[in-house]
Amino acid sequence: ARMSGGRWLTSVRAFFDAVASQHRMPMDTARMTESVEDFASTWPACIAAKAAALQAPDAGWRYLRALREAWVVDGRGIHRRAVQAEVAKEVGLDVAAFEGAIDDGRAEAAFVADREECARNEVTGFPAFAISRGDTSIRINGWQPWEAFEDVLRQVEPGLVPRVVDPTEGSVLDL
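A quick note: this is a predicted structure, and the numbers were derived from the prediction, not measured.

Draft legend 1. The arrangement of the overall build of the protein in detail. In terms of helices and strands, the protein carries nine helices and two strands. In the protein, the succession of α and β elements from N to C terminus is α-α-α-α-α-α-α-β-β-α-α. Here the C-alpha coordinates of the protein stretch approximately 50 × 45 × 40 Å along the principal axes. Relative to all contacts within the protein whose residues are 6 or more apart in sequence, the contacts with residues 24 or more apart total 45%. Put simply, the protein shows about 12100 Å² of open surface, and 56% of that area lies on carbon and sulfur atoms. A distance of 3 Å separates the average location of the 20 positive side-chain charges in the protein from that of its 27 negative side-chain charges.

In structure tokens, the structure reads:
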């Protein structure tokens, strides 16, 4: 708030709008900022995502996607436990097991382990991608155009030959 001269909400909305313009995914920045009056940290939502992943990896990915949509599209306060449980129910998780993993500390321990891994790998921001093949590993930090990924892929696998994938439902599912 001090850095924005007391106009922190305007600054946050401008930042969100800039992010949306980069990735062109739907974001309702006005709705997103309506639920921030009690926001203190992203960590509760991160811990909730780990609670979902403890049920099954695919459940964790489904939950994470739904959690992101709940905030950026619907403007729901995903830092709130009640919203986290609603999203868990919406994606078909066992809500009692989900809440149990939060309550007994297993989800937080998994989140802490992820943060420790990031620290070991010197990941300080997001997104971060590690692209590896054999002994070669290259990290891409922050939003990058496809060309940056293509360059790294060619560095880790010089003989890589691209192939055109027809934009059909079947090809997307195969991918």
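Draft legend 2. Layout of the side chain of T29. Tracing the backbone through its elements, the reader meets T29 in helix α2 (residues 29-34). Apart from residues no more than four positions distant in its own chain, T29 is found in contact with R13, F16 and D17.

Draft legend 3. Highlighting unusual backbone geometry. Phi at E122 takes a positive value of approximately 60°, unusual for a residue other than glycine. Summarising the element assignment, E122 is placed in the loop between α7 (106-120) and β1 (128-133).

Draft legend 4. The arrangement of the packing of helix α4 (residues 57-72) against helix α5 (residues 81-90) in detail. Where α4 meets α5, the closest approach of the two axes is 10 Å, and the angle between their N-to-C directions is 125°. By the criterion of interaxial angle, the relationship of α4 to α5 is oblique. Both α4 and α5 take part in a crossing whose hand is right-handed. On α5, the residues that touch Y63, A66, L67 and A70 of α4 are Q84, V87 and A88. For the contact of α4 with α5, the class distribution of residues is six nonpolar, one polar and no charged.

Draft legend 5. Summary view of α7. With 15 residues, α7 should cover 21 Å at 1.5 Å per step; its first-to-last C-alpha distance of 21 Å lies within 8% of that length. For α7, the set of buried residues is A107, A110 and F111. With its buried residues spanning 100° around the axis, α7 presents them on a single face. For α7, exposure combined with an orientation more than 90 degrees from the buried face picks out A119 and R120. In this structure, the buried residues of α7 make contact with α3 (43-53) and α6 (95-103).

Draft legend 6. A look at the nonpolar core. Among the nonpolar cores identified, the biggest contains 23 residues, and Y63, V87, L93 and F98 are the most heavily contacted of them. Sorting the residues of this core by element identifies α3, α4, α5, α6 and α7 as the ones contributing at least two each. Beyond its immediate stretch of four places on either side in the chain, V87 contacts Y63, A66, L67, A70 and R76. Ranked by size, the runner-up nonpolar core spans six residues in total, among them I138, I140, F149 and V156.

Draft legend 7. Fine view of the packing of aromatic side chains. Scanning the entire structure with this criterion turns up six aromatic pairs. Judged by centre distance (5.0 Å) and plane angle (75°), the ring pair of F129 and F149 falls under edge-to-face. Highlighted residues: F129 in strand β1 and F149 in helix α8 (residues 146-156), separated in sequence by 20 residues. We classify F129 as partly exposed; its relative accessible area is 35%. Looking at F149, the relative accessible area reads 16%, which means it is buried.

Draft legend 8. A look at the environment of S171. On the secondary structure map, S171 appears in helix α9 (residues 169-174). Exposure remark for S171: the relative accessible area of 15% places this residue in the buried category. In this view, S171 contacts V165 and D166; residues no more than four positions away in its chain are not counted.

Scoring rules and cut-offs
Residues numbered from 1 in each chain as written. Predicted model: local features only at pLDDT ≥ 70, side-chain atom pairs only at ≥ 80, totals over all residues. Heavy atoms only, no water. Helix = DSSP H or I, 4+ residues; strand = E, 2+ residues; numbered from the N terminus. Contact = heavy atoms within 4.5 Å. Areas by Shrake-Rupley, 256 points an atom, 1.4 Å probe, with all protein chains shown as cover. Lys, Arg positive; Asp, Glu negative; His and termini not counted. Charge placed at Lys NZ, Arg CZ, Asp CG, Glu CD. Axes fitted to C-alpha atoms, helices over the stretch in contact; angles between N-to-C directions. Parallel < 35°, antiparallel > 145°, perpendicular 65-115°, else oblique. Left-handed = near helix turned anticlockwise from the far one by under 90°. Nonpolar A, V, L, I, M, F, W, Y, C, P; charged D, E, K, R; others polar. Expected span 1.5 Å × (residues − 1). Buried < 20%, exposed > 50% of the residue type's maximum accessible area, 1.4 Å probe, protein only. Arc of directions from axis to C-beta. Core = buried A, V, L, I, M, F, W, Y, C linked by side-chain atoms within 4.5 Å. Phe/Tyr/Trp six-rings, centres within 6.5 Å; stacked < 30°, edge-to-face > 60°.

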